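Take a look at the letters that make up each chain.
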Amino acid sequence: MQKILVIEDEKEMARGLKDILEYDGYEVVTVETGKEGIQAASRREPDCIILDLMLPDISGYEVCEQIRRKHRIPILMLTAKSQDHDKIRGFKVGADDYLTKPFSVGELSARVMALLRRHGQYAQEMDLIRIGPNTVDVKHFIILRGEKEYSMSHYEVELFKLLYSHANQPVTRDEILDKVWGTDNFPTNRTVDNFIVKLRKKLEEDYRNPRHILTIYGIGYKLSP
Ligand code: CA
């Protein structure tokens with residue numbers, strides 16, 4: 001089930017949004033402040049965020065900007081204002097779409113569906129990924145850096161994709177084992193570390209001083225594009 005995070009302090013509006021979206025078959029998480037929203041964007045891993053511009057603690061623009069620094073989750077911004085400069089500002093800080101209150105149920109449903117669909121297509125088309133001086137072609141299992149070309153194994157690609165989908169956030173060894181290896185081949189934490197070294201040798205200028213695949217001590221790894 002796709003999950004939608006609603007960041008809105010007005011209780012009636014938040015409840016209305018929740019009802020509409022749940023009726024459409026989404027799981028809905030609601031929070032009332034910008035700070036809670038920023039945390040929930042990381043912790044709850046929503047597929048889409050509905051963000052009200054007017055929040056009690058920090059403005060929706062700032063919330064949008066902060067979420068955008070870490071995540072590529074589509075953001076639909078809500079506002080009571082309809083001036084063009086607000087829209088432009090919303091898009092500048094990374095909102096994907098904009099809805100002016102009051103709006104109809106149908107309009108909301110259609111916008112959310114379009115955002116999720118567009119984002120899904122984007123994720124699929126994202127076969128070429130830039131990491132520093134490298135271009136990672138996840139479809140053809142290749143890393144290109146300058147004149148050099150490295151091939152990647154199945155597990156290296158899966159490991160890379162997992163880290164990239166959580167760019168700038170730590171991913172634990174357990175999560176890596178679970179999502180990349182599952183129950184295949186009885187891997188151990190050592191397996192993860194070995195594959196991290198393999199990836200580093202291909203992605204880093206100096207694999208002993210990595211700049212992109214970073215070790216988070218006691219936790220796991222983090223990809224910094
Ligand atoms: Ca509000």
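Just so it is clear, the structure is predicted and the values come from calculations on it, not from any experiment. (Residues numbered from 1 in each chain as written. Predicted model: local features only at pLDDT ≥ 70, side-chain atom pairs only at ≥ 80, totals over all residues. Heavy atoms only, no water.)

Caption draft 1: Here's a closer look at the sheet that holds strand S10 (residues 170-172). The sheet built from 3 strands is open, its strands ordered S10-S12-S11 with antiparallel pairing. Since the sheet does not close on itself, it has two edges, and those belong to S10 and strand S11 (213-216), each with one partner. Each neighbouring strand pair of the sheet contributes to a mean axis angle of 35°, computed without reference to strand direction. Note that S10 and strand S12 (residues 220-223) share 3 bridges and pair antiparallel. Within the sheet, the bridge partner assigned to Pro170 lies in S12 and is Lys222. Here helix H6 (residues 154-165) sits on the sheet in contact with S10, S11 and S12, set at roughly 75° to S12. Packing of helix H7 (residues 173-181) onto the sheet brings it into contact with S10 and S12, and relative to S10 it is tilted by some 70°. (Pairing = 2+ DSSP bridges. Helix = DSSP H or I, 4+ residues; strand = E, 2+ residues; numbered from the N terminus. Axes fitted to C-alpha atoms, helices over the stretch in contact; angles between N-to-C directions. Contact = heavy atoms within 4.5 Å.)

Caption draft 2: Inspection of the packing of aromatic side chains at higher detail. Within this structure, the stated rule accounts for 4 aromatic pairs. Between Tyr155 and Trp181, the aromatic rings sit 5.1 Å apart at their centres with planes inclined by 20°, giving stacked as the arrangement. Highlighted residues: Tyr155 in helix H6 and Trp181 in helix H7, separated in sequence by 26 residues. Grouping residues by exposure puts Tyr155 and Trp181 together as buried. With 6.0 Å between their ring centres and 10° between their planes, Phe160 and Tyr164 make a pair best called stacked. Placement of both Phe160 and Tyr164 in helix H6 is noted, with a separation of 4 residues, approximately one turn of the helix. For the pair Phe160 and Tyr164, one class covers both residues: buried. By way of ring pairs, the aromatic residues Tyr155, Trp181 and Phe195 are connected into one cluster. Here the basic side chain of Lys198 rests over the ring of Phe195, its NZ or CZ set 4.5 Å away from the ring centre. (Phe/Tyr/Trp six-rings, centres within 6.5 Å; stacked < 30°, edge-to-face > 60°. Buried < 20%, exposed > 50% of the residue type's maximum accessible area, 1.4 Å probe, protein only. Lys NZ or Arg CZ within 6 Å of the ring centre and 35° of its normal.)

Caption draft 3: Summary view of the sheet that holds strand S1 (residues 3-7). Spatially, S2-S1-S3-S4-S5 is the arrangement adopted by the 5 strands of the open sheet, whose pairing is parallel. In the strand order of this sheet, the two ends are held by strand S2 (27-31) and strand S5 (97-100), each with one partner. Direction aside, the axes of adjacent strands within the sheet are offset by 20° on average. Most of the contacts of helix H1 (residues 11-23) go to S2, to which it runs at about 170°, and overall it touches S1, S2, strand S3 (48-52) and strand S4 (75-79). Helix H3 (residues 60-70) contacts S1, S3 and S4 of the sheet and is inclined by roughly 175° relative to S4.

Caption draft 4: Here's a closer look at the coordination of the calcium ion. Surrounding the calcium ion are the protein donor atoms Glu8 (OE), Asp9 (OD), Glu10 (OE), Asp52 (OD) and Met54 (O), which sit 2.1 to 2.8 Å from the metal. Taking the relative accessible area as the measure of exposure, Glu8 reaches 1% and is therefore buried. The exposure class assigned to Glu10 is partly exposed, which follows from its relative accessible area of 39%. (Donors = N, O, S within 2.8 Å, 3.2 Å for Na, K, Ca; no water.)

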